[in-house]
Structures are given as structure tokens and as C-alpha cells.
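# Structure assessment
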Amino acid sequence: MVTEKVLITGAAGFLGSHLCHRFIREGFSVIGMDNLITGDLKNLSSLSDNSNFSFIHHDVTRHIKIEGNLNYILHFASPASPIDYLKIPIQTLKVSSLGTHNCLGLAKSKKARILVASTSEVYGDPLVHPQVENYWGNVNPIGPRGVYDEAKRFMEALTMAYHTYHGLQTRIVRIFNTYGPRMRLNDGRVLPAFIGQALRGEDLTIFGDGSQTRSFCFVDDLVEGIFRLLFCDYSLPVNIGNPNEITIKEFGEEIIKLTGTKQKLVFRPLPVDDPKQRQPDISLAKKILGWEPKISREMGLKITYDYFKSLSSEELNKAEHKSFDSYVMR
Ligand code: UDP
């Protein structure tokens, strides 16, 4: 049997690295690509001796050249946390616009199927709850999150255009909050922030009054949904996430219980345009993919906590949570 080849951009990141591992386990030949701005090669270290895996250090906003055949492309390169978009806003815009264009062009020339990583952020601060795929969203284009949200919305538009005008086989996944091992401790997102603070003996910083909600999906469930989406016959966007919604304050309390920390919750101002509620409607994924999340938050958090606990104290302290001012996006 001929081994099918898949290119995964953002391979050294949190989701990209989990996808690389999954596709290798499924018997594919995987090319991982990353410019390592937010990714880390240590996430791929267990694949370095695998003859089916190769890594290319490349920025996808520049022309992408791959020798030989290619069957699938998964475009997952992008900063994905609010503090990252603040730090590198132009790269954030470029990777999902120019980078997506290059990936689509490559897919067209190789006659490959492409799946692009979109986001629940296309719904902005949603006025429809839970968020269903045919909701168009409530995004502030010029707010601090605009660089991410609008780039991802452009990514979807460009992907659909290649599908419609070039007949390219395309898939669009809208990813909701996901967590698990290999998240960056200092990426600013709420789960690594809280666990990092608990492990360092700091108070847990709740932004706003903590009444905003999120719905957290364990990474293995997400990867399963993406895997099924790639191989199904559906080219419009599909939500993948866990509908189990929780307030950020309750989430903080869960982390305190899980870690046994003596620290408390402290309240800080809410960043600009922070969505008030978020919960995926996954009826479509259930129907067309037969998919729904299997891993409870209790189990997923335990696995993730064990991962963070296994990091060295050097890594833990290096990731010291930035003063909250760096998160408040004005
Ligand atoms: N958040 C918080 N404390 C932190 C980091 C984040 O209360 O130290 C809040 C943040 O304001 C948001 C929620 O947690 O309401 C989820 O934030 P995250 O950055 O993880 O993702 P996103 O806002 O993109 O869903």
C-alpha cells in the first residue's frame, strides 16, 4: 500500500503536535512545518527518529515548496492566544491570510485535500447562544482580537472561494477552547495560567467578575473530530468543541480543588472585547461525523495537571505569569 502524505503547518504548536502524533499513529507520512515563533520543537521530540516524520523550519507566509506528491494539508499555523496576538499582531494577520493563500495554492497544485483551522472567535462576542455554524458572528474588526478573528474569517472566505472556483477539496473546522498536555505554560490562556499560578503558589487571576463562560474540550477529543472531518464529505464549516459550559470563576475553583493549592481567586479587570459566553452547538458534528466529546473535564484536567506537574521548576518559573497589565488589551 502506498503511504499517504500529509503536511501539517504549525506542527510544533499545541494542536499541530497532537495532530502529527495522531497521523503518524494512523500510518501516514507526515511533514511538519513551523517557523517556531510560538511553537516548540520539544513538542515533536518523540517523533524525531521516526522515518515517517520530517520537519521543515519554514514560515508559511512565504512560498511553500514541497517535493513530490502530497495528499492532505492541515493548516494549523497561527498564534492562538490573546497575549500572542497582542505581541505579534501583524504575523497573526499574515499567517491566516497570506499563509492560507500559500497553503491553498499548494493544495491546488498537488491536488491535495486541505483542512484549515478556524475558530469559535469567528463568532466574536456572540449574540446567539449556543453558537451554531450558520450564525455570522459579532466581531469588532478593529479591537485587539480583530487581528485574529478577522484573519480567521478571511481564511474561511478564501478557503470557500478555492472550493467554489477551483473545485478544491476543502474542510473548515471551527475550534472552540481546547486544553491538554503541551499547552505553553505562559501562553496566557486561562488553563495554563491558573495551573501555572497554582504550581508556583500564586493567587489565580480571574479577569472581570468571572461570570463569562467558556466550554473546554480535551485535545484528544478535538483531534478525533478533526480526523473524522478530514475524511468526511462536507466542505462547510463544522464546530468542534465540548458543549459543557462553565463560568471562569467556577473553573478557577475547580483548579484550586484539583491542585490543592492554598491560594485564592483574585479579580482583575476584564480585557477589552472578552467574549461573555461561549458554547458550541455540536449537532452538525454529531450528525455528519458521528462525533461527540468523550473525555470529561475532570479526567482531562487531571491528565493535563499531571503533564504540567512533570515540567521542571526551571520551566515553571520561566513561564512566570506576566503582570495582568500585559493581558488587559486596550
Ligand atoms: N482569563 C482569566 N484569567 C487568566 C487568563 C484568562 O480570567 O489568567 C479569562 C479570560 O478573560 C477569558 C477566559 O478566561 O474570559 C478564557 O481566556 P483564554 O485566553 O483562555 O481564551 P479565550 O478568551 O480566547 O476563550
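Structural notes, computed from the coordinates. All values reported here derive from a predicted model rather than from experimental measurement. (Residues numbered from 1 in each chain as written. Predicted model: local features only at pLDDT ≥ 70, side-chain atom pairs only at ≥ 80, totals over all residues. Heavy atoms only, no water.)

### Some thoughts on helix α3 (residues 89–110)
- Here α3 is 22 residues long and its end C-alpha atoms lie 31 Å apart, about the 32 Å a rise of 1.5 Å per residue gives.
- Of all bends in α3, the biggest is about 35 degrees, found at V95.
- Taken together, the buried positions of α3 are T92, V95, S96, S97, G99, T100, N102, C103, L104, L106 and A107.
- Tucked into the core, α3 has its buried residues touching β1 (5–9), β4 (72–75), α2 (82–87), β5 (113–119), α4 (146–166) and β6 (170–175).
- Downstream of α3 by one or two residues, K111 has phi in the positive range, about 55 degrees. (Helix = DSSP H or I, 4+ residues; strand = E, 2+ residues; numbered from the N terminus. Expected span 1.5 Å × (residues − 1). Bend = angle between axes of the 7 residues up to and from the residue. Buried < 20%, exposed > 50% of the residue type's maximum accessible area, 1.4 Å probe, protein only. Contact = heavy atoms within 4.5 Å.)

### Quick look at the site of the ligand
- As a structural note, the neighbourhood of the ligand is formed by 19 residues, with T205, F207, R214, D274 and R278 the closest of them.
- At 2.7 Å from an oxygen atom of the ligand is found a main-chain nitrogen or oxygen belonging to F207.
- R214 places a side-chain nitrogen or oxygen 2.7 Å from an oxygen atom of the ligand.
- Protein contacts shield 96% of the accessible area of the ligand, which totals 520 Å² for the unbound molecule.
- Counting only elements with at least two residues in the shell around the ligand, the list comes to α5 (190–200) and β8 (204–207).
- Residues of the shell around the ligand, tallied by class, amount to 8 nonpolar, 5 polar and 6 charged. (Near = heavy atom within 4 Å. Polar contact = N/O pair within 3.5 Å; in protein donor to acceptor, adjacent residues only side chain to side chain. Areas by Shrake-Rupley, 256 points an atom, 1.4 Å probe, with all protein chains shown as cover. Nonpolar A, V, L, I, M, F, W, Y, C, P; charged D, E, K, R; others polar.)

### Considering the environment of V223
- Within the fold, V223 resides in helix α6 (residues 219–230).
- Sequence separation between V223 and L19 is 204 residues, and the spatial gap between their C-alpha atoms is 6.5 Å.
- Excluding its chain neighbours within four sequence positions, the residues that come into contact with V223 are H18, L19 and R22.

### Description of the environment of I114
- If you trace the backbone, I114 turns up in strand β5.
- It is 24 Å that separates the C-alpha atoms of I114 and R182, two residues lying 68 residues apart in sequence.
- Setting aside anything within four residues of it in sequence, one finds I114 in contact with I73, C103, L104, A107, L168, Q169, T170 and R171.

### Looking at the sheet that holds β1
- Taken together, 7 strands build an open sheet; the order of strands is β3-β2-β1-β4-β5-β6-β11 and the sheet is parallel. Strand pairing shows two members of the sheet lacking a second neighbour, β3 (53–57) and β11 (238–240), which therefore form its edges. Going across the sheet, the axis of each strand differs from the next one's by a mean of 20 degrees, ignoring polarity.
- Here β5 pairs with β6 via 6 bridges, running parallel. From the neighbouring strand, S118 faces β6, where its bridge partner is R174.
- Contacts from helix α1 (residues 14–25) reach β1, β2 (29–34), β3, β4 and β6 within the one sheet, and its direction differs from that of β1 by about 170 degrees.
- Along the sheet face, α4 touches β4, β5 and β6 and points at about 155 degrees away from the line of β5. (Pairing = 2+ DSSP bridges. Axes fitted to C-alpha atoms, helices over the stretch in contact; angles between N-to-C directions.)

### Topic: the side chain of R278
- Mapped onto the secondary structure, R278 falls in the loop between β13 (265–268) and α8 (283–289).
- Separated by 2.5 Å, the side chains of R278 and E121 make a polar contact.
- Setting aside residues no more than four positions away along its own chain, R278 makes contact with S120, E121, H129, Q131, R145, F176, N177, T213, R214, S215 and E245.

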